[in-house]
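Take a look at the letters that make up each chain.
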Amino acid sequence: MKTDSISTLRSQQVWLSANQCHLDDFGALVERKTDLAAYPFASEVAANVLIYDGTAVRRVASSSESRKALMAEWVEAMTDGPGIIVFRGAFADLAALDAATVHFWGMIEEQRAGNTGGGDHFAKPGANDRIWNALEKLCLRAPEVFAAYYGNEIIALVSEAWLGPAYQITSQLNVVNPGGSAQSVHRDYHLGFQTAEAGARYPAHVHRLSPVLTLQGAVAHCDMPVETGPTLYLPYSQTYLPGYLATGLPEFQDYFDRHHVQLPLSKGDAAFFNPALFHAAGSNRSENVRRMANLLQVSSAYGRAMESVDRARMSAVLYPALRSMISLGRLTTANAAHAVATCAEGYSFPTNLDRDPPIGGLAPQTQQALMMQALAENWGPEKFNRSLEAWSWRRLT
Ligand SMILES: [Fe+2]
């Protein structure tokens, strides 16, 4: 019947699935050559990636007309182009970068001595050192170093180009130590931090939306020759719509292993990329280079609700009501789940990853999941309240 075929087609367009991911479609998108002539502000193309010279960028950005043209070029490059741009000499003042490096090493030593922090999504313990929320930690510890470091014009310019004004920066420091092994290929936040099963529940327009809600960047805090394992990238892979469902598929992982590019970076260089780009940190095969990168995750101003809602307070009040209504047969578990979805926070982020590490999964437990667990296990209100308080505490810095 005609209606059936329309409905089936529509459903396939809106609900992406891993079954729709075919290597032929993917290959046709990613096997393209980057043409330097199409990007007049770029200084070169290396490994299919656009390279910009920091000094030239700062000069171009000083005029408001060419500043807009420059930002427009980056938007194109990260949307339909290779998806990644690299800045040589992103820090005009390496003293600011070096001063931050000293504080980052200090934080790592304190973290190791105190045996705190460092839980990681991707790496085995000890293979790397991770400082979550390095942004706040650096600001509180050394405000002048923070000011000099984040006074950086290129970070501001590329963030504004991708996300518009009022962007929100977070930073996670990552040190991959000699012997540290490569990450598996992935995309980044938001949908990249969900399992493929969870991602498939979001309609296709959200798969298109996710990459414009954040920008991913990395600042090199030391020279990173290839043997130290700078990030592996697959240019143009951000253009593949069902890509969030494909990174976990063995044939796509194998394709990534055979086709990725890897660019050496120098201290003070920075790379920025569309968070939907397929990428993975490389293996550190060096003898003694502890490869330090400050990973910048910049978020859109629009990733927030209009009203402040105290969901923990609501959940504490709602929980005993739900529990008694379920036990009296006045509410089904399914209806209770809908009420929980309205009341409690359904998203794991933002959180404090030191206290709330994503070990064993990509994302820590949500307030909703906690409440559903409490209902399923029939916790008393005191136990639920204690867990809720602990949940709220874990998210604070
Ligand atoms: Fe990543």
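Predicted model only: the values in this text are computed from it and were never measured.

J.: So what's going on with the overall build of the protein chain? Which residues, and what values?
T.: A count of helical and extended segments in the protein chain gives 16 helices and 11 strands. Its C-alpha radius of gyration of 23 Å places the protein chain within 12% of the 21 Å reference for a compact globule of 397 residues. Along the first, second and third principal axes, the C-alpha set of the protein chain runs to 70 × 65 × 45 Å. Residues classed as buried in the protein chain amount to 46% of the 397 residues present. Within the protein chain, contacts between residues at least 6 apart in sequence are counted, and of these 82% link residues at least 24 apart. Across the protein chain, the 32 positively charged side chains and the 38 negatively charged ones have centroids separated by 6 Å.

J.: With reference to specific residues and values, describe the packing of aromatic side chains.
T.: For the coordinates displayed, the defined rule picks out 19 aromatic pairs. Here F26 and Y255 contribute two aromatic rings whose centre-to-centre distance is 5.5 Å and whose plane-to-plane angle is 70 degrees, an arrangement assigned as edge-to-face. Residue F26 is located in helix α2 (residues 23-30), and its partner Y255 is located in helix α12 (residues 250-259); the two are separated by 229 residues in the primary sequence. We note that F26, like Y255, is buried. Grouping aromatic residues by their ring pairs yields a cluster made of F26, Y240, F252, Y255 and F278. Just above the ring of Y244 sits the side chain of R187; from NZ or CZ to the centre is 4.6 Å.

J.: Before we move on, could you go through the nonpolar core and cite the residues and values that matter?
T.: Counting 46 residues, the largest nonpolar core has Y52, W74, I85, F87 and F272 as the members making the most contacts within it. The dominant element in this core, judged by the number of residues it contributes, is helix α8 (residues 153-163), at seven residues. Beyond its immediate sequence surroundings of up to four residues, I85 is in contact with L50, Y52, W74, A77, M78, V158, A270, A271 and F272.

J.: Please provide a residue-by-residue account of the environment of Y240, values included.
T.: Relative to the helices and strands, Y240 is located in the loop between β7 (232-234) and α11 (243-246). When its relative accessible area of 4% is taken as the criterion, Y240 is described as buried. Placed 37 residues apart in sequence, Y240 and L277 show a C-alpha to C-alpha distance of 9.0 Å. Setting aside residues up to four positions removed in sequence, Y240 forms contacts with Q20, C21, H22, D25, F26, L29, R187, A246 and F252.

J.: I'd love a proper account of the domain arrangement of the protein chain, names of residues and values included.
T.: Partitioning the protein chain into domains gives domain 1 (13-299) and domain 2 (311-394). Distance between the C-alpha centres of domain 1 and domain 2: 33 Å.

J.: An account of unusual backbone geometry is requested, with residue identities and associated values reported.
T.: A cis amide bond links Y189 with the next residue in sequence, H190, at an omega value of 5 degrees. Turning to its location among the elements, H190 is positioned in the loop between β5 (168-176) and α9 (196-199). Of note, the amide linkage connecting F349 to P350 takes the cis form, showing an omega dihedral of 0 degrees. With respect to the helices and strands, P350 occurs in the loop between α14 (333-343) and α15 (367-376). In the Ramachandran plot, Y236 falls in the positive-phi region, its phi being about 75 degrees despite a non-glycine side chain. Counting through the fold element by element, Y236 comes out in the loop between β7 and α11.

The rules behind the values
Residues numbered from 1 in each chain as written. Predicted model: local features only at pLDDT ≥ 70, side-chain atom pairs only at ≥ 80, totals over all residues. Heavy atoms only, no water. Helix = DSSP H or I, 4+ residues; strand = E, 2+ residues; numbered from the N terminus. Rg over C-alpha atoms; globule rule 2.2 N^0.38 Å. Buried < 20%, exposed > 50% of the residue type's maximum accessible area, 1.4 Å probe, protein only. Contact = heavy atoms within 4.5 Å. Lys, Arg positive; Asp, Glu negative; His and termini not counted. Charge placed at Lys NZ, Arg CZ, Asp CG, Glu CD. Phe/Tyr/Trp six-rings, centres within 6.5 Å; stacked < 30°, edge-to-face > 60°. Lys NZ or Arg CZ within 6 Å of the ring centre and 35° of its normal. Core = buried A, V, L, I, M, F, W, Y, C linked by side-chain atoms within 4.5 Å. Domains from an automatic or database assignment.

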